[in-house]
Amino acid sequence: MVQSIDRAMSIIHVLVSDENKPHWSISEIADQTALPLSTVHRLISTLMQYGLIMQIPETKQYKLGYTWMEIGLRLLDKIDTRAVARSVMELLAAEVKETVYLSIPHGTSAIILERVEGPMTVRIIDNLGERIPLHIGAANKTMLANMDPTEAKNIVAQLIPEPEAQRELLERLPVIKQNGYAVSYGEKTEGTASIASPIIGYNHKVVGALSIGVPSYRITEDRLAILIEKAKQGAKEISQKIGGLP
């Protein structure tokens, strides 16, 4: 049984070994695995029954089946973004000594899903579960910037009644997306600043934002540059762990 599994997996590895060669003949698979042709044929027949391999009718060549995609999508659905983010947030908060937040989009608002407080006596504290309109704050702007442009435009139209203000924000979003971060000062709470970067999930869809909350008086040019890089690194690490980035 173990030998059969090993041999079956060697066939799977051949099928994914070359990005420029999506289809393989049975003889090519046998050559690559150093297995007898009869053994390869038997194993492929079994793998095809479970949708793990499929045959191209016109060429009689083989490629991976869609069952792998189904398995992958189910695993992605079970990933708890909050639990994954928590460990990254704890390390980040300890390193920058500021409070770190995880926000997720929900309609025209964002919800603060997780918070790790920094060790400083004076720190920024926003409440878990708090809803903040998506046009307010660095975290929310990074999420807007990475949404489908039509979706973002519809959200902005619902939140901002003035056409000129709508246009101003919509013109900023592509720059935010390109930079990979946003910075805001006192948009929600006077005397505070926020530095945020988007969390990207499966299919390049934005699923949240990682942000660092800082009292404005602690922000200097050098400090801001460090916090931007740390926010981007943290968001990228979370995105990779939930399968959104390679």
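Here, the structure is the one placed above.
Residues numbered from 1 in each chain as written. Predicted model: local features only at pLDDT ≥ 70, side-chain atom pairs only at ≥ 80, totals over all residues. Heavy atoms only, no water.

Visitor: Mind showing me how you'd approach the pattern of salt bridges here?
Guide: Working definition: two side chains of opposite charge can pair if their charged atoms are close together. Within this structure, the stated rule accounts for twelve salt bridges. The residue E114 makes a salt bridge to R82 at a minimum N-O spacing of 3.2 Å. Note that E114 is positioned in strand β4 (residues 109-116) and R82 in helix α5 (residues 81-96), a separation of 32 residues in sequence. Look at R82 and you get partly exposed, because its relative accessible area is 34%. Of the charged contacts, one joins R218 and E98 as a salt bridge, the two residues approaching to 2.8 Å between their closest N and O atoms. Remark: E98 occurs in the loop between α5 and β3 (99-106) and R218 occurs in the loop between β8 (206-215) and α9 (221-241); sequence separation between them is 120 residues. Overall, E98 belongs to the buried group, its relative accessible area being 2%. Taken together, the shared-partner salt bridges in this structure form one network comprising R82, R86, E90 and E114. (Salt bridge = Lys/Arg side-chain N within 4 Å of Asp/Glu carboxyl O. Helix = DSSP H or I, 4+ residues; strand = E, 2+ residues; numbered from the N terminus. Buried < 20%, exposed > 50% of the residue type's maximum accessible area, 1.4 Å probe, protein only.)

Visitor: For this particular structure, what's the right way to read helix α6 (residues 138-145)?
Guide: Helical geometry: 3.6 residues make up each α-helical turn, so side chains three or four residues apart lie on a common side. Of all the eight residues making up α6, eight are buried; the element is thus mostly covered by neighbouring parts of the structure. Residues A138, A139, N140, K141, T142, M143, L144 and A145 constitute the buried set of α6.

Visitor: I would appreciate a short explanation of the sheet that holds β3 in the present structure.
Guide: If you walk across this open sheet you meet the six strands as β5-β4-β3-β8-β7-β6, and the pairing is antiparallel. Sheet topology places β5 (131-133) and β6 (182-185) at the edges, where each strand pairs with a single neighbour. Strand-to-strand twist in this sheet, taken as the mean axis angle between neighbours without regard to direction, amounts to 30°. Across nine bridges, strand β7 (residues 192-200) lies against β8 in antiparallel orientation. Its bridge partner being in β8, I195 is matched across the sheet by I212. Here α5 sits on the sheet and contacts β3, β4 and β8; the angle it forms with β4, its principal contact strand, is near 60°. (Pairing = 2+ DSSP bridges. Axes fitted to C-alpha atoms, helices over the stretch in contact; angles between N-to-C directions. Contact = heavy atoms within 4.5 Å.)

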